[in-house]
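Fold and geometry: a report
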Amino acid sequence: VPKKLFEAVEHFLLHKAKNPNSLHANDLRVLEVIAVVDGIPIKHNQLPTLHVLIGKGRKKVTPMLILFSKYVNSDPSKRDRLLGNSGSDGGIISGTLGYHIKLLKVLSQTCRGPATLEEVLCKPLISFRELIEPLENGKKMIWELRSGLLQYLFDVFIDSDLAGDN
């Protein structure tokens, strides 16, 4: 995939992130389809995809990282409020919650297969505790979010070439 495509997607997402409520799950679709193709991780696309979302060589967090974690200075209770307004399982999840779920899935795709550097970059974004807490405490949770959290947990922490939680 040409470098210009990644640059264009990053520019588009940064522009949309000026108003985080305008971000939509479909905004991440192009990154989703180039990181993993037909279930196979595309190694040379995984790191550039990750760099679009987390930045490359930047110390600050990009505004596209709507993760509801301490790393990005976002309160997980905001996700709980969004869940309260989300409706039932199986429907189309739009807005910030839909974007958050798609982001979890795209980030996890960047860590599929032998992707040690990508795992190092993704592990601190959401701590292991922040991932399992909503899954274990019996909170109301729609399937789509549970699936995104489990996918991230598996690809970043469980199926990892790295030892330890972080």
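This report concerns the structure included in the present document. These numbers come from a predicted model, not from an experiment. For every chain, the first residue of its written sequence is number 1, and the numbers climb from 1 along that sequence. Side-chain atom pairs in this predicted model are given and counted only at pLDDT of 80 or more, local residue features only at pLDDT of at least 70, and totals for whole chains, interfaces and linings cover all residues. To get the side-chain values, all heavy atoms of the structure are used, and hydrogens and water are removed first.

**Some words on the side chain of D27**
Comment: elements are numbered from the N terminus, with helices defined as DSSP H or I runs of at least four residues and strands as E runs of at least two. Residue position: D27 is located in the loop between α1 (3–16) and α2 (29–35). As used in this structure description, the phrase polar contact means that two N or O atoms lie within 3.5 Å; if the pair is within protein, one of them must be able to donate a hydrogen and the other to accept it, and residues adjacent in sequence are counted only when both atoms belong to side chains. Of note is the side chain of D27, whose polar atom sits 2.9 Å from the side chain of K16. A polar contact is formed between the side chain of D27 and the backbone nitrogen of H24, at a distance of 2.8 Å. Apart from the residues lying within four places of it in its own chain, the contact partners of D27 are F12, L13, K16 and S22. Here, residues are in contact when the closest pair of their heavy atoms is within 4.5 Å.

**Comments concerning helix α7 (residues 128–136)**
Any residue under 20% of the maximum accessible area for its type is buried, any over 50% is exposed, and the rest in between are partly exposed; the area is computed with a 1.4 Å probe on protein chains only. Those residues of α7 lying buried are E130, L131, I132 and P134. Structurally, α7 contributes buried residues whose contacts are with α4 (76–84) and α8 (143–158).

**Concerning the packing of α7 against α8**
Geometry of a packed helix pair, given as the angle between the helix axes and the separation of the axes. Angular values range over 0 to 180 degrees, each being the angle between N-to-C directions of two axes fitted as lines to C-alpha atoms, with helices fitted over their stretch in contact. At a minimum axis distance of 10 Å, the contact between α7 and α8 shows a crossing angle of 145°. When the axes of α7 and α8 are compared, the crossing they make is left-handed. Contact with α7, carried on its side by F128, L131, I132, P134 and L135, involves R146, L149, L150, Y152, L153 and F157 of α8 and no other residues of that element. Three categories are distinguished: nonpolar for Ala, Val, Leu, Ile, Met, Phe, Trp, Tyr, Cys and Pro, charged for Asp, Glu, Lys and Arg, and polar for the others, with Gly belonging to the last. Its residues assigned to classes, the contact of α7 with α8 shows ten nonpolar, no polar and one charged. Note: crossing handedness is left-handed where the near helix turns anticlockwise from the far helix by less than a right angle, and right-handed where it turns clockwise.

**Overview of the packing of α4 against helix α5 (residues 95–109)**
For the pair α4 and α5, interaxial distance at closest approach is 9 Å and the crossing angle is 120°. Along this stretch, α4 crosses α5, giving a crossing that reads as left-handed. Residues R79, L82 and L83 of α4 form the contact with α5, whose participating residues are T96, L97 and H100. Residues of the contact of α4 with α5, tallied by class, amount to three nonpolar, two polar and one charged.

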